[in-house]
Amino acid sequence: MKKHVIIFEARGGLDKGEYGIRKDSIPIIEALKKRGWSSEIIFYHDEDRGEIYRYTIDTADAYISRVDPGNLVNETCYFQMLRELVNNGVVGLPHPDAMIAYGAKNSIEKLKGSQIVPEDVYTYYHFETLKEEFPKRLKNGIRVLKQNRGTSGEGIWKVEVVDFIRYQGDIPLNAKLKLTEAKDNHTEYKTLQEFLEFCIQYFEGNDGMLLDMPFFERIVEGEIRALMLRDRVLKILHKKPINKKGAFSATFLSGAKYRYDTKEEWPDLVLTLKKSLGTIRKRLGNYKLPLLWTADFILDTDENGNDKYVLGEINASCIGFVAHLELSENIADEVLALLDNEHT
Ligand SMILES: Nc1ncnc2c1ncn2[C@@H]1O[C@H](COP(=O)(O)OP(=O)(O)OP(=O)(O)O)[C@@H](O)[C@H]1O
Ligand SMILES: [Mg+2]
């Protein structure tokens, strides 16, 4: 073994520290050093990818990807470089196709019918399917439509039919909709026809799609994020939407209140998630679980009046832990255990 790990980062973004480095990357390097390994950060640029590729192959046993693909000019090039690295013996933390599968909004649909995702969840890949199917789904009640690419609640719409009880069959194209965007909880009104046309933008590009799921009203009690180190829950982040009528967004910029809890405070959630790990792994392409990832849950109530947890989103790229830098020790231990395993 070379006993060297390379951390990939991207330039730009607002959450960086000195020299444009993520504040929680240096602690990972320090923790690896303490264990007799070396590690360094490389900023990925498309132009340098040949050189970065060769250098990584020559010097490193593994890479840790800490790049938000949304910040890259061309994410395809980056993912292709990672694929080549993995195919040529560098351990990918995570595998690029795991990052893509976990991070895409349709990951939720792939888990439908499991303990953590209801049946009533759909992905639309074409405008025609949205036009055909969505008016039928609206009969089931309030929906949430999610674009694939946005972050911080952009293009995440709560969709309510105004005067819902007026309609018997399919919701007609001239029905009025009340739309609330998770970006800032602002509300606008459009007819169904207007809204459908507005959604054309979300199908542009290779990975354009919309996820359609029921709206869970207990979101006002908070979105509950499990911060995961492969199969282990490290921490729980509780994100409570701003206390304002109609607000449902747990994104930081919309004013939601964030609080860290221990996993011991959420035993049922932890148990449910642990039981679902096999299904998550299998249905999302059978890759090894990512090194660092998050699973966001919303509370719901089952037929017997008991709490139940619904998965709303997974993130598997550029997970930060600046509020708990001590976790770098767990991360370093996990990386070394993993590499040890690969080589025995
Ligand atoms: N099915 C749902 N029911 C109720 N609220 C929801 C639902 N899905 C999402 N939300 C709310 O909308 C917010 C944004 O949705 P989501 O996290 O899926 O999108 P995002 O733009 O990718 O955000 P992020 O920046 O966290 O990646 C959530 O934090 C949650 O508050
Ligand atoms: Mg989210």
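Source: prediction; values computed, not measured.

About the cut-offs
- Residues numbered from 1 in each chain as written.
- Chains lettered and ligands numbered in written order.
- Predicted model: local features only at pLDDT ≥ 70, side-chain atom pairs only at ≥ 80, totals over all residues.
- Heavy atoms only, no water.
- Pairing = 2+ DSSP bridges.
- Helix = DSSP H or I, 4+ residues; strand = E, 2+ residues; numbered from the N terminus.
- Axes fitted to C-alpha atoms, helices over the stretch in contact; angles between N-to-C directions.
- Contact = heavy atoms within 4.5 Å.
- Domains from an automatic or database assignment.
- Buried area = accessible area lost by both parts, 1.4 Å probe.
- Salt bridge = Lys/Arg side-chain N within 4 Å of Asp/Glu carboxyl O.
- Polar contact = N/O pair within 3.5 Å; in protein donor to acceptor, adjacent residues only side chain to side chain.
- Core = buried A, V, L, I, M, F, W, Y, C linked by side-chain atoms within 4.5 Å.
- Buried < 20%, exposed > 50% of the residue type's maximum accessible area, 1.4 Å probe, protein only.
- 1 Å grid on protein atoms, 1.4 Å probe; cavity = no way out; pocket = protein on both sides within 12 Å on 5 of 7 lines; lining within 4 Å.
- Points joined across faces, edges and corners; volume = space filled by probe spheres on them.
- Phe/Tyr/Trp six-rings, centres within 6.5 Å; stacked < 30°, edge-to-face > 60°.
- Parallel < 35°, antiparallel > 145°, perpendicular 65-115°, else oblique.
- Nonpolar A, V, L, I, M, F, W, Y, C, P; charged D, E, K, R; others polar.

Engineer: How would you sum up the sheet that holds strand β7 (residues 156–161)? Please name residues and give values.
Structural biologist: Strand order in the open sheet formed by six strands is β5-β10-β6-β7-β8-β9, with antiparallel pairing between adjacent strands. Each end of this open sheet is capped by a strand with a single partner; those strands are β5 (122–124) and β9 (187–191). On average, each strand axis in the sheet is inclined to that of its neighbour by 25°, with strand direction left out of account. Of the strand pairs in this sheet, β7 and strand β8 (residues 176–181) are connected by five bridges, and their pairing is antiparallel. Along β8, the bridge assignment pairs Lys158 with Thr180. Together, β5, β6 (143–147), β7 and β10 (210–214) form the strand contacts of helix α6 (residues 127–137), whose direction differs from that of β5 by roughly 150°.

Engineer: Please provide a residue-by-residue account of the domain arrangement of the protein chain, values included.
Structural biologist: Split into domains, the protein chain comes out as domain 1 (4–94 + 324–342), domain 2 (102–117 + 218–322) and domain 3 (122–215). Computed over C-alpha atoms, the centres of domain 2 and domain 3 are 22 Å apart. Counting residues at the interface gives 18 residues for domain 2, matched by 21 residues for domain 3. Between domain 2 and domain 3, roughly 1500 Å² of surface is buried when both sides are summed, and carbon and sulfur atoms account for 61% of that area. Taken together, domain 2 and domain 3 are joined by zero salt bridges. Linking domain 2 to domain 3 there are seven residue pairs in polar contact (both at pLDDT 80 or more). When residues of the side of domain 2 that touches domain 3 are traced back to their parent elements, those giving at least two are α5 (107–110) and β15 (307–315). The element that contributes the greatest number of residues to the side of domain 2 that touches domain 3 is β15, accounting for three residues.

Engineer: I'd like a rundown of the nonpolar core, residues and numbers included.
Structural biologist: Counting 40 residues, the largest nonpolar core has Tyr102, Met213, Leu273, Ile280, Trp293, Phe297 and Leu311 as its most contacted members. Secondary-structure elements contributing two or more residues to this core are α4 (96–103), β10, β11 (223–229), β12 (232–240), α8 (267–283), β14 (292–301) and β15. Of the domains in this structure, domain 2 (102–117 + 218–322) and domain 3 (122–215) are the two that each give at least three residues to this core. One finds Ile29, Ile41, Leu291 and Ile319 within the second-largest nonpolar core, a separate group that totals 28 residues.

Engineer: Residue-level account of the layout of surface pockets, with values.
Structural biologist: Put simply, the second largest pocket is a space of about 230 Å³. As for the second largest pocket, its lining consists of 15 residues, and the residues nearest its centre are Val91, Gly92, His95, Lys288 and Glu342. For the lining of the second largest pocket, the secondary-structure elements that each account for two or more residues are β4 (91–93) and α9 (327–342). By residue number, the principal contributor to the lining of the second largest pocket is β4, which donates three residues.

Engineer: If you had to explain the packing of aromatic side chains to someone new, which residues and values would you point to?
Structural biologist: Inspection of the entire model under this criterion finds 12 aromatic pairs. For the ring pair Phe198 and Tyr202, a centre distance of 6.1 Å and an interplane angle of 85° mean the geometry is edge-to-face. Given a relative accessible area of 28%, Phe198 falls into the partly exposed group. Tyr202 sits in the buried class, given a relative accessible area of 6%.

Engineer: Please provide a residue-by-residue account of the pattern of salt bridges, values included.
Structural biologist: Counted by the stated rule, this structure contains 24 salt bridges. The residue Arg225 makes a salt bridge to Asp296 at a minimum N-O spacing of 2.7 Å. Of this pair, Arg225 sits in strand β11 while Asp296 sits in strand β14, placing them 71 residues apart in sequence. Residue Asp296 is joined to Lys239 by a salt bridge in which the shortest nitrogen-to-oxygen separation is 3.7 Å. With Asp296 in strand β14 and Lys239 in strand β12, this pair connects stretches of sequence that are 57 residues apart. Of the residues examined, Asp296 reaches a relative accessible area of 0% and is grouped as buried. For Lys239, a relative accessible area of 4% puts it in the buried group. By sharing partners, the salt bridges in this structure join Lys34, Arg35, Glu329 and Asp333 into a single network.

Engineer: Talk me through the packing of helix α3 (residues 75–87) against α4; I want residue IDs and the actual numbers.
Structural biologist: Contact geometry of α3 with α4 gives a least axis separation of 8 Å together with a crossing angle of 135°. Put simply, α3 runs oblique to α4. Facing α3, whose interface residues are Phe79, Leu82, Arg83 and Val86, α4 presents Pro96, Asp97, Met99 and Ile100. Here the contact of α3 with α4 is built from residues that sort into six nonpolar, no polar and two charged.

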